[in-house]
Structure formats: C-alpha cells, structure tokens
Amino acid sequence: MTKERAIARHLHARRQGRVGPAILPATTTTFLEPDTDHTSDSGIWSPPAATTASRQPPARSRASFRGELFYDRANRTMVFESRLEMDLACILMTDHRVVGIEDQPPEVEYVDPNGLRRGHTFDFRVTLFDGARIAIAVKPSSKIERSRIREILSLIRLQVPDFADRFTVLAEDKITKSRADAARTIIWARRQRSQADIDVVAKVVSTLRGRLPIADLVRMAGIGPRGYVATACLIDEGCLRLAGRGPIQPEAMVEPTQPPLRRH
C-alpha cells in the first residue's frame with residue numbers, strides 16, 4: 001500500500017468515526033538519562049563551529065555522497081564527499097589512539113616526474129596520542145591504480161616530509177561496513193552515557209567468565225534499554241570486547257577483557 005493510499009484510507013475512516021483522536025498519555029517514561037546535557041559550564045549550549053577543511057566539497061553532484069558530521073572532541077563539523085570518507089571519520093572518532101582529526105587539511109604541493117608542479121589535498125590528517133601525524137587518502141580499491149595515488153604519496157613523502165610522519169591510502173578492505181556501524185553505535189552511546197547505568201552493567205560483567213550475547217547481558221543487568229547503551233560504552237572503554245567483527249547489536253557476542261584495556 002502506498003503512503004498516499006494509507007493516508008487516504010485513514011482520513012476516510014476518521015470521517016466515518018471509526019478512528020478516534022489520539023490521546024496523549026498522562027505520564028511519560030524516560031528511557032535514557034545521560035549524565036551530560038551537552039551544555040557548557042555556564043549552562044548555555046555552545047553550537048558546533050564550522051569545519052576547518054581547506055576546501056568544501058561541491059554542493060551538488062550526481063556521482064558523490066557528501067555531507068557533514070559532528071566532531072564532538074573539537075565541537076565542530078567535519079565534511080566528507082564519499083561514503084568511505086564518512087565511514088572512516090566515524091571510525092577515527094572512536095579510535096582512542098587518535099586525539100585530533102583534520103578533514104581536508106591544507107593542500108600539499110609537489111613536483112611530478114615530468115617536472116610539473118601539482119597539488120594534492122588529503123582526505124584526513126590525524127594526530128595520535130604520541131604526537132605522530134598520519135596523512136590519509138581515501139580511495140575505493142577499484143580506483144587506486146587508475147588514480148596513481150600510491151605514486152603521488154611516494155612523491156609527497158620524499159618532497160614534503162614535514163607534512164606528516166606517515167602517508168597512507170585506505171580502501172574498503174580497512175574501512176569496513178561492520179567497523180563503521182560499530183563506530184556509529186559507540187558515537188551514539190557516548191551521547192547517552194550514564195555512569196550509574198555503566199556501573200550496573202559493569203557489576204554483571206565482573207561475574208562473567210566467558211562469552212554471551214549482548215541481549216543476555218542487557219537482560220541480566222535489569223535496567224531495560226539503558227543496559228544496551230551502557231554495554232556499548234563498556235566496549236568503547238575497553239572493559240568489554242566484541243567476539244568478532246560484526247556490529248554492536250543484541251545478538252553479537254561479547255566477553256570481558258582481562259585485564260580491562262587502558263584508554264588514552
């Protein structure tokens with residue numbers, strides 16, 4: 001049934017008195033109670049700043065997937081112009097080794113084998129907790145050879161070594177859908193984080209001696225949907241790990257880390 005037909009049928013039923021007006025409940029149930037309301041110390045919400053990208057993707061394109069993401073660590077937006085770039089941005093935001101992300105950092109100039117001066121803009125430059133910087137080019141595997149991106153990176157590495165400590169190209173074999181889906185779940189869970197709920201689930205985790213589905217862990221915690229959020233936070237914080245590479249979903253298997261991982 002099309003949406004239009006369903007609406008027409010509903011309106012027709014309303015006219016005949018077969019459907020009454022919706023009645024709002026007298027009370028509502030709060031399912032999530034995050035510790036933070038995302039305001040500043042003064043209690044005033046601070047809107048995210050604009051991206052620091054050196055160039056903006058074209059507003060319209062028939063061949064690309066583009067948009068913006070919120071980068072909470074820096075309270076600003078990041079731009080992307082492909083699904084792979086969006087997925088990698090989510091993965092980077094949940095990687096505890098990464099302390100800074102630049103989307104579309106300043107253009108790098110280099111000289112090609114024919115002596116011509118060229119420019120290249122990396123998709124990301126990330127800074128790790130030890131200070132190392134990695135320049136990342138994102139390419140689908142089908143375009144890596146045709147774009148000669150590895151040759152370009154080799155030239156930049158030799159001619160502009162101060163731009164980064166490492167230069168790499170990443171494709172879908174590293175930017176997998178399962179990793180990106182798990183990263184998006186963690187980003188969502190961070191915004192709903194409740195230490196009280198985490199303590200409840202962590203107490204259950206401390207009694208575990210093997211693997212179990214997330215759904216069973218949430219049931220054992222006894223705090224309803226909030227247990228799922230707390231479980232995702234414990235995965236993020238290294239107290240739990242996925243037994244596999246799938247997304248963070250009720251049927252996924254988890255196990256406690258021994259000892260719990262340290263996060264930077």
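Look up: the structure comes first, before these words.
Just so it is clear, the model here is predicted, and its values are computed rather than measured.

*Asks:* Before we go on, may I ask you to explain the sheet that holds strand β9 (residues 212-213) in this structure?
*Replies:* Consider a sheet: its strands pair through backbone hydrogen bonds, and that pairing is either parallel or antiparallel. One open sheet accounts for 3 strands, arranged β9-β11-β10; its pairing is antiparallel. For this open sheet the edge positions go to β9 and β10 (240-242), each flanked by a neighbour on one side alone.

*Asks:* Would you explain the packing of helix α7 (residues 214-221) against helix α8 (residues 226-236) in this entry?
*Replies:* When two helices pack together, you describe them by how their axes are tilted relative to each other and by the distance separating the axes. Where α7 contacts α8, the two axes come as close as 9 Å, and the packing angle between them is 120°. The angle between the axes of α7 and α8 places the two elements in the oblique class. Handedness of the crossing formed by α7 with α8: right-handed. From α7, Ile-214, Leu-217 and Val-218 reach across to α8, where they touch Gly-227, Tyr-228, Thr-231 and Ile-235.

*Asks:* What exactly am I supposed to notice about the pairing of strand β1 (residues 67-71) here?
*Replies:* For a regular strand, the rule is simple: side chains alternate between the two faces of the sheet. Two elements, β1 and strand β2 (residues 76-80), share 5 bridges in a ladder whose sense is antiparallel. Bridging from a neighbouring strand, Tyr-71 pairs with Arg-76 of β2.

*Asks:* Please explain the packing of aromatic side chains as it appears in this structure.
*Replies:* Within a pair of aromatic rings, the relevant descriptors are the distance that separates the centres and the angle that separates the planes. One pass over the full model with this rule turns up 3 aromatic pairs. Summarising the aromatic geometry, the rings of Phe-122 and Phe-167 are spaced 5.9 Å apart at their centres and angled 45° between planes, so their arrangement reads as tilted. With a gap of 45 residues between them, Phe-122 in the loop between β5 (117-120) and β6 (124-128) and Phe-167 in strand β8 (residues 166-170) connect regions that are remote in the sequence. In terms of burial, Phe-122 and Phe-167 fall into one category: buried. With centroids separated by 6.3 Å and ring planes inclined at 40°, the aromatic side chains of Trp-188 and Tyr-228 adopt a geometry described as tilted. Note that Trp-188 is positioned in helix α5 (residues 177-191) and Tyr-228 in helix α8, a separation of 40 residues in sequence. Assessed through its relative accessible area of 37%, Trp-188 is described here as partly exposed. In textbook terms, an aromatic cluster arises when at least three aromatic residues are bridged by ring pairs, as seen for Phe-122, Phe-163 and Phe-167. Here the guanidinium or amino end of Arg-125 rests over the ring plane of Phe-163, the centre of that ring lying 4.3 Å away.

Parameters and conventions
- Residues numbered from 1 in each chain as written.
- Predicted model: local features only at pLDDT ≥ 70, side-chain atom pairs only at ≥ 80, totals over all residues.
- Heavy atoms only, no water.
- Pairing = 2+ DSSP bridges.
- Helix = DSSP H or I, 4+ residues; strand = E, 2+ residues; numbered from the N terminus.
- Axes fitted to C-alpha atoms, helices over the stretch in contact; angles between N-to-C directions.
- Parallel < 35°, antiparallel > 145°, perpendicular 65-115°, else oblique.
- Left-handed = near helix turned anticlockwise from the far one by under 90°.
- Contact = heavy atoms within 4.5 Å.
- Phe/Tyr/Trp six-rings, centres within 6.5 Å; stacked < 30°, edge-to-face > 60°.
- Buried < 20%, exposed > 50% of the residue type's maximum accessible area, 1.4 Å probe, protein only.
- Lys NZ or Arg CZ within 6 Å of the ring centre and 35° of its normal.

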